[in-house]
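A structural walkthrough
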Amino acid sequence: MNIVVNGTNRAVESPPLTPLLHVLREELDVLSPKAGCENGGCGACTVLLDGAPRRSCLTAVGSIGGAAVTTVEGLGTPEDMSAVQRAFVHYCAAQCGFCTPGMILAATAYLERGGSTEVAAISEALAGHVCRCTGYLKIVDAVAAARDGDFDLSTTAESPHTTVLG
């Protein structure tokens, strides 16, 4: 069977019931989707199927039909990042980076659906994406700022939600 990953048609030899996560990581060497809980609860394995976020650990490769699979590698390059990728850099929204690809893909889908910059709406859109390193504030700030997409990568932004404890 063949699947389209990040715009490239790729041959897959795995059986149809193999989780897409395993096909991507082990067969196609696409490493941004992470094997976290492997039960669909953490969001680390999130990919976009025709623009919609899906948990690749729960998606059988044979079930995707002709849907295009997008991983964070397909959003941009280090030289030409997407607005969400630039915002995550600008707002220092990644800590260890394990959850970051899934968060970026979920945020991308949210904004492409016309998502607002309201904190509650962004938080709801990212619900189910677990980050054990942050308090989510910089992630929410990055998603809100990504709508503008105008970032100076030579500087980092202060989170409007960050308070200084004296």
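Read on for an overview of the structure. As the structure is a prediction and not an experimental result, all values here were calculated from the model.

1. Details of the overall build of the chain
Counting secondary structure elements, the chain contains 5 helices and 5 strands. Shown N-terminal to C-terminal, the secondary structure of the chain runs as helices and strands in the order β-β-α-β-β-β-α-α-α-α. Counting every position in the chain, which comprises 166 residues, the buried fraction comes to 44%. A separation of at least 24 residues holds for 55% of the contacts in the chain among residues at least 6 apart in sequence.

2. Things to note about the packing of helix 3 (residues 100-112) against helix 5 (residues 137-146)
When two helices pack together, their arrangement is given by the angle between the helix axes and the distance between those axes. One way to put it is that helix 3 packs onto helix 5 with a least axis distance of 10 Å and a crossing angle of 35 degrees. Where helix 3 crosses over helix 5, the two elements pack in a sense that is right-handed. Taking contact as the criterion, the partners of Met 103, Ala 107, Tyr 110 and Leu 111 in helix 3 are, on helix 5, Ile 139, Val 143 and Ala 146. In the contact of helix 3 with helix 5, the residues fall into 7 nonpolar, no polar and no charged.

3. Details of the packing of helix 2 (residues 83-90) against helix 5
Packing of helix 2 against helix 5 brings their axes to within 8 Å, and their N-to-C directions diverge by 135 degrees. Between helix 2 and helix 5, the interaxial angle falls into the category oblique. Seen from above, helix 2 lies across helix 5 with right-handed handedness. Contacts between helix 2 and helix 5 involve Ala 83, Val 84, Ala 87 and Phe 88 on the former and, on the latter, Ile 139, Ala 142, Val 143 and Ala 146. Residues of the contact of helix 2 with helix 5, tallied by class, amount to 8 nonpolar, no polar and no charged.

4. Considerations on the state of the cysteines
Tallied over the entire structure, the rule returns 0 disulfides. The closest cysteine sulfur to the non-disulfide-bonded Cys 96 is located on Cys 133, 3.7 Å from its own sulfur. With no disulfide of its own, Cys 99 lies closest to Cys 131 among cysteine sulfurs, the gap being 3.7 Å.

5. A look at helix 5
Of all 10 residues in helix 5, 8 are buried, a share of seventy percent or more. Each element contacted by the buried residues of helix 5 is listed here: helix 2, helix 3 and helix 4 (119-125).

Conventions used here
What you see as residue numbers is a count from 1 along each chain, following the sequence as written. The predicted origin of the model limits local features to residues at a pLDDT of at least 70 and limits the giving and counting of side-chain atom pairs to 80 or more, whereas totals for whole chains, interfaces and linings rest on all residues. With hydrogens and water set aside, each side-chain value is computed from the structure's full complement of heavy atoms. Each helix corresponds to a stretch of at least 4 residues labelled H or I by DSSP, and each strand to a stretch of at least 2 residues labelled E; elements are numbered beginning at the N terminus. Only protein chains enter the accessibility calculation, which uses a 1.4 Å probe. A residue is then buried if its area is under 20% of the maximum for its type, exposed if over 50%, and partly exposed in between. We call two residues contacting when some pair of their heavy atoms lies within 4.5 Å. Axis geometry follows a simple rule: fit a line to the C-alpha atoms, using only the stretch in contact for helices, then measure angles between N-to-C directions, giving values from 0 to 180 degrees. The crossing is said to be left-handed when, going from far helix to near helix, the turn is anticlockwise and less than a right angle, and right-handed when the turn is clockwise. Three classes are used, and their members are as follows: Ala, Val, Leu, Ile, Met, Phe, Trp, Tyr, Cys and Pro are nonpolar, Asp, Glu, Lys and Arg are charged, and the others, Gly among them, are polar. To sort the angles, those under 35 degrees are grouped as roughly parallel, those over 145 as roughly antiparallel, those from 65 to 115 as roughly perpendicular, and the leftovers as oblique. We call a pair of cysteine sulfur atoms a disulfide when they lie within 2.5 Å.

As far as function goes, none of this settles anything; it's purely spatial.
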